[in-house]
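The primary structure of each chain is shown beneath.
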Number of protein chains: 2
Amino acid sequence: MATRADVARLAGVSPSTVTYVLNGQRSVTARTKARVKAAMRELNYVPNAFARGLAGSHRGLLALHFPTDVHGFTPTEFAYVSAATDHARKLGYQLLLWTNRITDVEELHALLGQSIVDGVLLMEVVAEDPRLEVIRDSGVPFVTIGRPDDARGISFVDSDYRAMLRLAVDYLADLGHRSLVVLGQSTANLERGAGPTRRITDAVEEPARSRGMAVTPINVEFSSAGGAEAFRRLLLLHPQPTAVVAYNELAVPGLIGAATAEGFLIPDQLSVLAIGLSVLSAESCTPELTTVTPPISRIAQRAVEILAGAIRKKSSEQVHELMDPSLTVRASTCEPRSPADPHASASAASRSADMRPNGVEGLRPSGPQCR
Amino acid sequence: MATRADVARLAGVSPSTVTYVLNGQRSVTARTKARVKAAMRELNYVPNAFARGLAGSHRGLLALHFPTDVHGFTPTEFAYVSAATDHARKLGYQLLLWTNRITDVEELHALLGQSIVDGVLLMEVVAEDPRLEVIRDSGVPFVTIGRPDDARGISFVDSDYRAMLRLAVDYLADLGHRSLVVLGQSTANLERGAGPTRRITDAVEEPARSRGMAVTPINVEFSSAGGAEAFRRLLLLHPQPTAVVAYNELAVPGLIGAATAEGFLIPDQLSVLAIGLSVLSAESCTPELTTVTPPISRIAQRAVEILAGAIRKKSSEQVHELMDPSLTVRASTCEPRSPADPHASASAASRSADMRPNGVEGLRPSGPQCR
DNA sequence: CTGAAAGCGCTAACAT
DNA sequence: ATGTTAGCGCTTTCAG
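Just so it is clear, the model here is predicted, and its values are computed rather than measured.

Some thoughts on the domain arrangement of chain A
Then, in step 1: Domain boundaries assigned for chain A yield domain 1 (4-47), domain 2 (61-159 + 297-323) and domain 3 (161-293 + 326-361).
Then, in step 2: The gap between the C-alpha centroids of domain 1 of chain A and domain 2 of chain A is 35 Å.

So, the pairing of strand β10 (residues 290-293) of chain A
Residues and elements named next belong to chain A.
Then, in step 1: Of the two faces of β10, the one carrying T290 and V292 and the one carrying T291 and T293 are both buried.
Then, in step 2: Strand direction decides the pairing type here: strand β9 (residues 271-275) and β10, joined by three bridges, are parallel. Looking across to β10, one finds that L273 is bridged to T290.
Then, in step 3: Strand direction decides the pairing type here: β10 and strand β12 (residues 326-328), joined by three bridges, are antiparallel. Bridge pairing in β12 links T291 to T328.

A word on helix α7 (residues 130-138) of chain B
All names here are of chain B.
Then, in step 1: Among the residues making up α7, those that are buried are P130, R131, L132, V134 and I135.
Then, in step 2: Turning to α7, the residues buried within the fold contact β1 (61-65), α6 (105-113), β3 (119-122) and β4 (142-145).
Then, in step 3: Once α7 ends, the next one or two residues include G139, with phi positive near 80°.

Considerations on the packing of helix α1 (residues 4-11) of chain B against helix α2 (residues 15-23) of chain B
Residues and elements named next belong to chain B.
Then, in step 1: One can describe the packing of α1 onto α2 by two numbers: an axis separation of 8 Å at closest approach and a directional angle of 100°. The orientation of α1 with respect to α2, classified from their angle, is roughly perpendicular. Contact residues: R4, V7 and A8 in α1; P15, S16, V18 and T19 in α2.
Then, in step 2: Grouping the constituent residues of the contact of α1 with α2 by class yields four nonpolar, two polar and one charged.

Notes on the packing of aromatic side chains
Then, in step 1: Overall, the coordinates contain twelve aromatic pairs over all chains when judged by the stated rule.
Then, in step 2: Judged by centre distance (4.9 Å) and plane angle (55°), the rings of F73(A) and F73(B) are tilted. Residue F73(A) is found in the loop between β1 (61-65) and α5 (75-90), and its partner F73(B) is found in the loop between β1 and α5 (75-90); the two belong to separate chains. For the pair F73(A) and F73(B), one class covers both residues: buried.
Then, in step 3: With centroids separated by 5.2 Å and ring planes inclined at 85°, the aromatic side chains of F231(B) and F264(B) adopt a geometry described as edge-to-face. Residue F231(B) is found in helix α10 (residues 224-235), and its partner F264(B) is found in the loop between α11 (251-261) and β9 (271-275); the two are separated by 33 residues along the sequence. By the burial criterion, F231(B) is buried, and F264(B) matches it.
Then, in step 4: Among the aromatic residues, those joined into a cluster by ring pairs are F66(A), F73(A), F78(A), F66(B), F73(B) and F78(B).
Then, in step 5: The ring of F50(B) is capped by R59(A), whose NZ or CZ atom sits 5.0 Å from the centre of that ring.

Reading the values: rules and limits
- Residues numbered from 1 in each chain as written.
- Chains lettered and ligands numbered in written order.
- Predicted model: local features only at pLDDT ≥ 70, side-chain atom pairs only at ≥ 80, totals over all residues.
- Heavy atoms only, no water.
- Domains from an automatic or database assignment.
- Buried < 20%, exposed > 50% of the residue type's maximum accessible area, 1.4 Å probe, protein only.
- Helix = DSSP H or I, 4+ residues; strand = E, 2+ residues; numbered from the N terminus.
- Pairing = 2+ DSSP bridges.
- Contact = heavy atoms within 4.5 Å.
- Axes fitted to C-alpha atoms, helices over the stretch in contact; angles between N-to-C directions.
- Parallel < 35°, antiparallel > 145°, perpendicular 65-115°, else oblique.
- Nonpolar A, V, L, I, M, F, W, Y, C, P; charged D, E, K, R; others polar.
- Phe/Tyr/Trp six-rings, centres within 6.5 Å; stacked < 30°, edge-to-face > 60°.
- Lys NZ or Arg CZ within 6 Å of the ring centre and 35° of its normal.

As structure tokens, then:
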């Protein structure tokens with residue numbers, strides 16, 4: 001491994017000059033700069049991260065904290081992590097992955113105490129997040145992806161839930177739907193409360209009212225079994241909703257599976273619009289899912305950028321950014337269609353059991369039915 | 001931040017003594033040791049990771065490389081990563097997450113060149129893995145989770161596929177199944193070849209032969225849509241298999257969804273046994289999946305341990321470990337049952353379309369049907 | 001615009 | 001059993 005001294009010798013300059021061409025903290029003649037750069041290239045010089053961390057204040061390390069007990073780690077989550085990793089690298093940082101339970105504040109405290117990271121990215125932030133106090137006290141700069149109820153004193157990048165739900169509701173209303181179910185994540189075993197589900201439940205109200213849509217929230221576990229349960233609950237409602245807006249990645253396959261098993265055609269009899277999924281996740285369902293999503297990589301990028309900025313300037317100015325969502329129409333939504341079966345009329349009086357088609361005509365492959 | 005010198009002063013010893021009570025590399029009187037420890041506690045002393053990395057050879061950092069283009073990152077994958085993180089921490093290491101495409105060898109080379117990590121853990125190893133040469137050349141110790149075709153010169157921890165498939169086949173044969181489909185992952189767009197799918201296809205042969213079971217391999221994309229396609233292909237087979245052994249986490253929900261949509265009762269008409277899933281994944285399906293799985297956390301732990309050992313001893317002795325699988329019976333498998341419908345007899349002559357039940361009796365909730 | 005030199009906090013070889 | 005000391009490779013202040 002070549003060191004800075006080697007480069008300096010080869011270029012015929014002093015070691016500090018090498019440093020300065022590297023970080024541009026003071027001006028260097030074009031000529032010497034060129035010679036130094038040539039030397040660096042020739043020796044295949046890479047500055048030693050540890051020496052840097054020791055001498056300066058730049059550690060070159062960021063931590064990404066992903067709690068293991070809020071909900072599972074999905075392919076969508078990975079899209080965030082992977083985008084953050086990439087962008088961090090571009091800014092000269094490596095990402096440490098920290099996975100503790102969100103309530104293991106002691107562990108986090110110890111990790112922070114070692115001061116080996118320049119900053120921390122927090123994922124899966126819940127309404128009252130116990131991590132916040134610890135990390136705020138530690139003085140280490142941090143940015144959250146998502147946000148707590150009380151966002152004073154912190155910087156965050158988050159999805160714009162109001163915009164997402166307006167987009168979703170308008171789209172479904174335009175298709176002709178008059179009612180919908182909002183499928184969220186149960187917070188039963190999470191005393192601190194999950195922010196997004198509540199935020200979504202709130203955000204749907206205004207657009208639904210203005211479009212005259214009836215809304216029923218159903219919160220279930222973050223799992224395929226949760227989706228099956230959601231469908232069971234949905235069957236008990238009357239009038240039965242013709243559309244579902246789902247913010248529960250793992251429940252969606254279960255919901256679709258259960259619905260299809262009952263002879264519900266998707267999207268003909270039940271439109272499913274998923275919120276927040278990565279493209280990969282959306283396209284890997286059958287039928288492929290119509291989605292309203294935030295710009296995942298941009299969120300991750302901005303979070304890293306803001307964090308890097310906070311580290312550099314040491315200014316604790318807070319940045320709050322909500323990112324604009326976009327609608328991608330795929331195969332899981334369409335206008336509501338009354339099944340041919342006369343029993344299955346959409347009248348409010350019909351019993352839910354009547355909705356189930358009785359004949360073999362309900363049995364078809366579960367591929368895209370529409371569009 | 002207190003330094004080693006502060007501790008030494010407070011304890012009335014020399015700085016190096018502090019070092020030695022810390023790492024036990026030479027004996028220290030019980031008394032002085034006690035005094036030093038007290039001082040450390042009082043000052044809340046944490047050794048500076050960067051100074052350590054600079055002065056010694058211990059960086060305290062491991063990299064976990066997860067390629068983004070082999071297949072998606074699932075909750076099961078996260079179980080490995082999270083277990084590795086935990087165990088690394090116990091051994092005094094932090095884990096860096098590196099996510100590049102598996103073919104981005106240059107990037108990996110650059111990462112390795114900075115020599116900021118003591119060792120590397122490689123996940124998602126494919127049959128001919130381009131990463132291996134690069135990392136071998138770099139001289140950085142590494143351990144793979146999974147293994148390439150040619151495992152000479154490397155240390156790995158992997159699932160014992162032969163044992164897994166013997167377990168799976170025996171279990172299904174004992175239930176009375178006479179034929180099965182092996183559902184693997186298509187390697188269409190992965191020129192280097194995915195190891196596990198082929199290994200599984202191979203490993204099923206011997207036990208299947210000895211139990212007189214017919215085997216049909218079906219490889220599809222790693223997605224829910226892939227599962228739906230698998231079911232479509234399965235319908236074209238005759239005699240139609242009564243069981244599926246699936247090594248394709250994301251395809252399983254799609255397969256079950258498609259099957260249920262066709263009126264196939266799971267597990268009554270089609271048993272599904274999943275290979276390699278984490279408990280969380282298995283339990284979040286509807287019905288919950290019977291699985292044959294390797295001990296995920298132990299694999300991750302062993303990999304970290306072996307890596308730590310290789311780093312410490314600098315001996316390049318190779319360790320090859322195959323971990324014993326276990327069978328967990330849940331709700332997705334049972335003995336094959338002929339549907340009440342007479343058309344659906346299991347005779348080899350029956351057309352596949354005949355397998356589909358025609359009446360409403362096929363329509364039932366998709367919860368556990370058996371056991 | 002450039003060079004010299006003092007650390008950063010620790011490890012490990014060398015003394016005692 | 002314990003103390004002393006020379007670096008590790010870099011950042012940054014102080015001098016030119």
